[in-house]
Amino acid sequence: MSLPDIPAPRTSPETTERPQAPTKISLGAVVRLLVGVGLPVLLVARLGADGVVDALAGITAPAVLAALVLGAVVTVAGAARWCVVARGVGLTLSLRAATTDAYRAMLLNSLLPAGVLGDVHRAVRHHRPGDARGARAVVLERVAGQAVVAVVGAVVLLAQPSLRAALVGPGALVAGGALLLVLAAAGTWLAMARRAARWRVGLLAGLRDLREGLTTRRTGPAVVALSLVALGGLLAMFVLAARVAGVTAPLGQLLPLVTVALLAMTVPLTVGGWGPREAAAALAFAAVGLDPGQGLATAVVYGVLALISCLPGALVLLADALGRPNAHRVLTAAALPWRTCSPSSATVRVQPTPVG
């Protein structure tokens, strides 16, 4: 006599894919896309693409090598500045680790919109639960570098009336006034609103880190010096781009123009750094009597050289990918993230044993 076969349990159907909510596109992203992509396209349509194409064709192997060297100077200087700020707020950060993270951040900044997502990634990597000093150190390092560029650019504009008249018009004054009003409203809300208590605590902690990380005798001079070194590397790369684009203006006339173009890159309406930089370069060249098409070509070549200078960051990203657990294994269909496995989805069969 044999036992009847035990029926196999029913297999549960594969997990159905849940419909994903439609991705919402913010107004800021739309404006950034229009400015970052639309401005260069409009400039090329207005000034012509021949000069830009010829300038890009002039990028040679020596220019690429020079861009990599200048990029290394800028990256190491920024990484050393980050180390100074981090140690000022009581953290430990080696120059090697900072340089690796800085290369990764520079590449992501160049490839992703807004131009700061690489630094956001860097801040997230160094944030620790209950201790925001790591993230704040990244923010302070970024702000210090941008502040030096802004100060130097403002000095250049004050010393160059023609550039100031061409770039700082009524629209810029209105935008500056609106920004001051927004900051005043935000300050009033932080000071008086009850719901802003948590923000006030974070602001006080940030101000404390600002004082310790940027303004003490131990950190302030080093931060300024390293920021000037990084700025010098960026200006040298811009001059290199101008020479590649065929600009023969003397260095004394060229440096203020490229400084203004760098200043335009601090405007948070870019796509990987593109947009305001090209417009500012074209306007600056036209303001001093040079061909605005050469200014556009210089800015485009600079964007390409700057991207080339970040290519070591691709090696960092590759090392990150290879260093992940099980990175050497080939994913099977059962291991893919959109396939789930549960005990009820397995088919169980019991082989009966004969009696007697």
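Remember, predicted model here, so these are calculated numbers, not experimental data. Residue positions are given per chain, counting from 1 as you read along its sequence in written order. For a predicted model such as this one, the threshold for reporting local features is a pLDDT of at least 70, and the threshold for listing and counting side-chain atom pairs is 80 or more; totals across whole chains, interfaces and linings nevertheless cover every residue. Excluded from the side-chain calculations are hydrogens and water; all other atoms, namely the structure's heavy atoms, are used.

**Section: the overall build of the protein**
Only DSSP runs of H or I covering at least 4 residues are called helices, and only runs of E covering at least 2 are called strands; the numbering of each starts at the N terminus. Scanning the protein from terminus to terminus reveals 14 helices and 0 strands. Each helix and strand of the protein, placed in order from N terminus to C terminus, yields the pattern α-α-α-α-α-α-α-α-α-α-α-α-α-α. For the protein, the proportion of its 356 residues judged to be buried stands at 34%. Whether two residues are in contact is decided by their heavy atoms: any pair within 4.5 Å suffices. A sequence separation of at least 24 residues applies to 71% of the contacts in the protein between residues at least 6 apart. A simple rule labels every residue: compare its accessible area, found with a 1.4 Å probe on the protein chains alone, to the largest value its type can have, and call it buried under 20%, exposed over 50%, or partly exposed in between.

**Here's the deal with helix H10 (residues 220-244)**
For H10, built from 25 residues, the straight-helix expectation of 36 Å at 1.5 Å per residue is met to within 8% by its first-to-last C-alpha distance of 36 Å. At the exit of H10 stands Gly-246, carrying a positive phi of roughly 90 degrees. The span expected for a helix works out to 1.5 Å for each residue beyond the first.

**Notes on the pattern of salt bridges**
A pair is scored as a salt bridge if a Lys or Arg side-chain nitrogen falls within 4 Å of a carboxyl oxygen belonging to Asp or Glu. Inspection of every chain in the model, using the stated rule, returns 9 salt bridges. With a shortest N-O distance of 2.7 Å, Arg-104 and Asp-101 are connected by a salt bridge. Residue Arg-104 and its partner Asp-101 are both found in helix H4 (residues 95-111); the two are separated by 3 residues, about one turn of the helix. The two residues Arg-104 and Asp-101 agree in class, both being buried. What you see here is one network of salt bridges that share partners, running through Arg-81, Asp-119, Arg-122, Glu-141 and Arg-142.

**A word on the nonpolar core**
One finds Leu-163, Leu-254, Val-301, Tyr-302 and Leu-305 to be the most contacted residues of the largest nonpolar core, which totals 44 residues. Looking at this core, the elements with two or more residues in it are helix H2 (50-57), helix H3 (61-88), helix H6 (133-159), H10, helix H11 (251-264), helix H12 (276-287) and helix H13 (292-309). Here this core gets 9 residues from one element, more than from any other, and that element is H13. Among the nonpolar cores identified, the runner-up in size contains 20 residues, and Ala-79, Trp-82, Leu-93 and Val-223 belong to it. Remark: nonpolar core denotes a set of buried residues (Ala, Val, Leu, Ile, Met, Phe, Trp, Tyr, Cys) joined through side-chain atoms within 4.5 Å.

**Side note on the packing of H4 against helix H14 (residues 312-322)**
Each pair of packed helices can be summarised by the angle the axes make with each other and by the distance between the axes. For the pair H4 and H14, the least separation of the axes is 8 Å and the interaxial angle reads 110 degrees. Compared by their axis directions, H4 and H14 come out roughly perpendicular. Counting all contacts with H4, which are made through Thr-100, Tyr-103, Arg-104, Leu-107 and Leu-108, the residues of H14 involved are Pro-312, Gly-313, Ala-314, Val-316, Leu-317 and Asp-320. When residues are sorted by character, Ala, Val, Leu, Ile, Met, Phe, Trp, Tyr, Cys and Pro go into the nonpolar class, Asp, Glu, Lys and Arg into the charged class, and all the rest, Gly among them, into the polar class. Of the residues in the contact of H4 with H14, the class split is 7 nonpolar, 2 polar and 2 charged. Note on definitions: angles span 0 to 180 degrees between N-to-C directions of axes, and those axes are lines fitted to C-alpha atoms, for helices only across the stretch in contact. Geometric relationships in this document are graded by angle, where less than 35 degrees denotes roughly parallel, more than 145 denotes roughly antiparallel, 65 to 115 denotes roughly perpendicular, and other angles denote oblique.

**Some points on the packing of aromatic side chains**
Note on aromatic contacts: the rings of Phe and Tyr and the six-membered ring of Trp form a pair at centre separations within 6.5 Å, being stacked when their planes are under 30 degrees apart, edge-to-face when over 60 apart, and tilted otherwise. With the rule as written, the count across this model stands at 1 aromatic pair. Plain terms: the ring middles of Phe-238 and Tyr-302 are 4.1 Å apart, the flat faces sit at 5 degrees to each other, and that makes the pair stacked. Taken together, the residues span a long stretch of sequence, with Phe-238 in helix H10 and Tyr-302 in helix H13 at a distance of 64 residues. Across this residue pair, the class does not change: Phe-238 and Tyr-302 are buried. Geometrically, a lysine NZ or arginine CZ counts as sitting over a ring once it is within 6 Å of the ring centre and also within 35 degrees of the ring normal. The ring of Trp-82 has Arg-122 sitting right over it, with the charged end atom 4.5 Å from the ring centre. When the ring centre of Trp-274 is taken as reference, the NZ or CZ atom of Arg-277 above it lies at 4.7 Å.

**With respect to the side chain of Thr-259**
Position of Thr-259 among the secondary structure elements: in helix H11. Accessibility expressed as a relative area gives 6% for Thr-259, which makes it buried. Those residues in contact with Thr-259 that lie beyond four places of it in its chain are Val-152, Gly-153, Val-156 and Leu-235.

**Thoughts on the packing of H3 against H6**
At a minimum axis separation of 9 Å, H3 and H6 run at an interaxial angle of 130 degrees. Here H6 runs oblique to H3, going by the angle between their axes. Along this stretch, H3 crosses H6, giving a crossing that reads as right-handed. Every residue of H6 that contacts H3 at Gly-78, Arg-81, Trp-82, Val-85 and Ala-86 is listed here: Ala-137, Val-138, Leu-140, Glu-141, Ala-144 and Gly-145. Among the residues making up the contact of H3 with H6, the classes are represented as 7 nonpolar, 2 polar and 2 charged. Handedness of each helix crossing follows the sense of rotation of the near helix against the far helix: counterclockwise by less than a right angle gives left-handed, clockwise gives right-handed.

**Digging into a nonpolar patch on the surface**
The patches described consist of residues with a relative accessible area above 30% and no salt bridge, like charges being joined within 9 Å and nonpolar side chains (Val, Leu, Ile, Met, Phe, Trp, Tyr) within 5 Å. Using a 1.4 Å probe, accessible areas were evaluated by the Shrake-Rupley method; residue-level cover was limited to the displayed protein chains. Together, Leu-111, Leu-112, Val-116, Leu-117, Val-120, Val-124 and Leu-307 make up an exposed nonpolar region whose accessible area comes to about 550 Å². At 3 residues, helix H5 (residues 117-125) tops the list of elements feeding residues into the nonpolar patch. Looking at the element boundaries, Val-116 is found in the loop between H4 and H5.

**A short note on the confidence of the model for the protein**
Confidence in the prediction of the protein, expressed as mean pLDDT, is 78, and 70% of residues score 70 or more. Values of pLDDT, the confidence the predictor places in each residue, fall between 0 and 100. Counting contacts from residues 327-351, a segment whose pLDDT is below 50, to residues more than four positions away or on other chains yields 16 contacts.

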